[in-house]
Amino acid sequence: MVLDKAPSWQAALKDEFNAPYMQALKNFLRTEKDAQKTIYPHSSNWFHTLETTALNDVKVVILGQDPYHQAGQAHGLCFSVLPGIKTPPSLVNMYKELETDLNITPANHGYLESWAKQGVLLLNAVLTVEDSKANAHQGKGWEQFTDKIIETVNTECEHVVFLLWGSYSQKKGSIIDPSRHLVLKAPHPSPLSAYRGFFGCQHFSQANKYLQTHNKAPIDWELPVI
């Protein structure tokens, strides 16, 4: 577990890797691997969100909960799947909201790398999961590490938009200073809750308006064709 490929985050996060909770997390993951359990995403992608979006480039934070737990899906960015993998239901609903909010035609894939490269930190609360077992790695230490990431953005960045969808992410984002950043809340885009207020929330356009108000380039939410 190293952040060699995420130098902008190292100063803020390097001490976390020596903390007792992180040592316990490392031991847990090592034990799971020794037991021949399949863990997603691949270890090379555990910190992909930090490697793709530098700390000083963060404009928007989208908080997820848990990586996808089926083969080929998770690659370290919340809500995103690799090219060629069927777009998951929550992301389909995000595309529907994008279409009504910004008239963006839904992409035919679920690969959100271009968002991340523009400054959208796609952060799950928990960064690993066991194959076919949702939430299997909750409570093992990742939450403390990702809390530190959120705290770092909160204190070291200015005028960031936090998109908190669902009660879990809203609770996790409670430390964010709303006088310093824009905090937008809505139900989760899951098919179980999207109709309770996610549809029509206009978070994507609100985010861009806020960024432009503070002299930042808006996010191009339209994904490139793959």
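Up top is the structure.
Below you will find a few notes about this structure. (Residues numbered from 1 in each chain as written. Predicted model: local features only at pLDDT ≥ 70, side-chain atom pairs only at ≥ 80, totals over all residues. Heavy atoms only, no water.)

Counting buried residues in strand β2 (residues 60-64) gives 5 out of 5 residues, a clear majority hidden from the surface. The two faces of β2 match: Val60, Ile62 and Gly64 on one face and Val61 and Leu63 on the other face are all buried. One ladder, built from 5 bridges, connects β2 with strand β3 (residues 120-124); its direction is parallel. For Val60, the partnering residue across the bridge sits in β3 and is Val120. Bridge count for β2 against strand β5 (residues 161-165) is 3 bridges, and the pairing is parallel. Looking at β5, one finds that Val60 is bridged to Val161. (Buried < 20%, exposed > 50% of the residue type's maximum accessible area, 1.4 Å probe, protein only. Helix = DSSP H or I, 4+ residues; strand = E, 2+ residues; numbered from the N terminus. Pairing = 2+ DSSP bridges.)

Take helix α6 (residues 142-156) next. Its 15 residues place the ends of α6 21 Å apart at the C-alpha level, agreeing with the 21 Å of an ideal helix rising 1.5 Å per residue. For α6, the complete set of buried residues consists of Trp142, Glu143, Phe145, Thr146, Ile149, Ile150, Thr152, Val153 and Asn154. (Expected span 1.5 Å × (residues − 1).)

Glancing now at the environment of Gly76. Structurally, the position occupied by Gly76 is in the loop between β2 and α4 (89-102). The class for Gly76 is buried, based on a relative accessible area of 17%. For the pair Gly76 and Leu122, spaced 46 residues apart in the sequence, the C-alpha separation amounts to 8.3 Å.

To continue, consider the pattern of salt bridges. Inspection of the entire model under this criterion finds 4 salt bridges. Of the charged contacts, one joins Glu130 and Lys133 as a salt bridge, the two residues approaching to 3.6 Å between their closest N and O atoms. Linking Lys148 and Glu151 is a salt bridge whose minimum nitrogen-to-oxygen distance equals 3.7 Å. Here Lys148 pairs with Glu151, and both are found in helix α6, just 3 residues apart, close to one helical turn. (Salt bridge = Lys/Arg side-chain N within 4 Å of Asp/Glu carboxyl O.)

Our next topic: helix α2 (residues 20-34). For α2, which comprises 15 residues, the first-to-last C-alpha distance of 21 Å matches the rise-based estimate of 21 Å (1.5 Å per residue) to within 8%. Considered for burial, the residues of α2 that qualify are Tyr21, Met22, Leu25, Lys26, Phe28, Leu29 and Glu32. Mapping the buried residues of α2 onto a view down its axis gives an arc of 160 degrees, with all of them on the same face. In α2, the exposed positions that point more than 90 degrees away from the buried face belong to Pro20 and Asp34. Those residues of α2 that are buried are in contact with β1 (39-40), β4 (129-130) and α6. (Arc of directions from axis to C-beta. Contact = heavy atoms within 4.5 Å.)

The subject of this paragraph is the nonpolar core. Ranked by internal contacts, the top residues of the largest apolar core, which has 35 residues, are Val60, Ile62, Trp115, Leu122, Trp165 and Trp221. Elements with a contribution of two residues or more to this core: β2, α4, α5 (113-117), β3, β5, β6 (182-186) and α8 (203-213). Judged by nonpolar contacts, the second largest core, of 34 residues, contains Leu25, Leu50, Val58 and Ile149. (Core = buried A, V, L, I, M, F, W, Y, C linked by side-chain atoms within 4.5 Å.)

Note on aromatic pairs: each is described by the distance of the centres and the angle between the planes. Going through the model one piece at a time under the given rule, you end up with 14 aromatic pairs. Residues Trp115 and Phe204 carry aromatic rings whose centres are separated by 6.3 Å and whose planes lie at 50 degrees to one another, so their mutual orientation is tilted. Of the two residues, Trp115 sits in helix α5 while Phe204 sits in helix α8, which places them 89 residues apart along the sequence. Relative accessible area serves as the criterion here: at 0%, Trp115 is assigned to the buried category. Residue Phe204 is classed as buried on the basis of its relative accessible area of 0%. (Phe/Tyr/Trp six-rings, centres within 6.5 Å; stacked < 30°, edge-to-face > 60°.)

Here the focus is the layout of surface pockets. Space left empty within the atom packing is revealed by a probe, the size of a water molecule, rolled over the atoms. In this structure, the largest pocket encloses a volume near 460 Å³. Around the largest pocket sit 22 residues that line it, and Gln65, Asp66, Tyr68, Ser90 and His188 are the ones nearest its centre. Listing elements by their share of the lining of the largest pocket, those giving two or more residues are β2, α4 and α7 (167-172). With 3 residues, α7 is the largest single contributor of residues to the lining of the largest pocket. Of the residues belonging to the lining of the largest pocket, the class tally is 10 nonpolar, 11 polar and 1 charged. (1 Å grid on protein atoms, 1.4 Å probe; cavity = no way out; pocket = protein on both sides within 12 Å on 5 of 7 lines; lining within 4 Å. Points joined across faces, edges and corners; volume = space filled by probe spheres on them. Nonpolar A, V, L, I, M, F, W, Y, C, P; charged D, E, K, R; others polar.)

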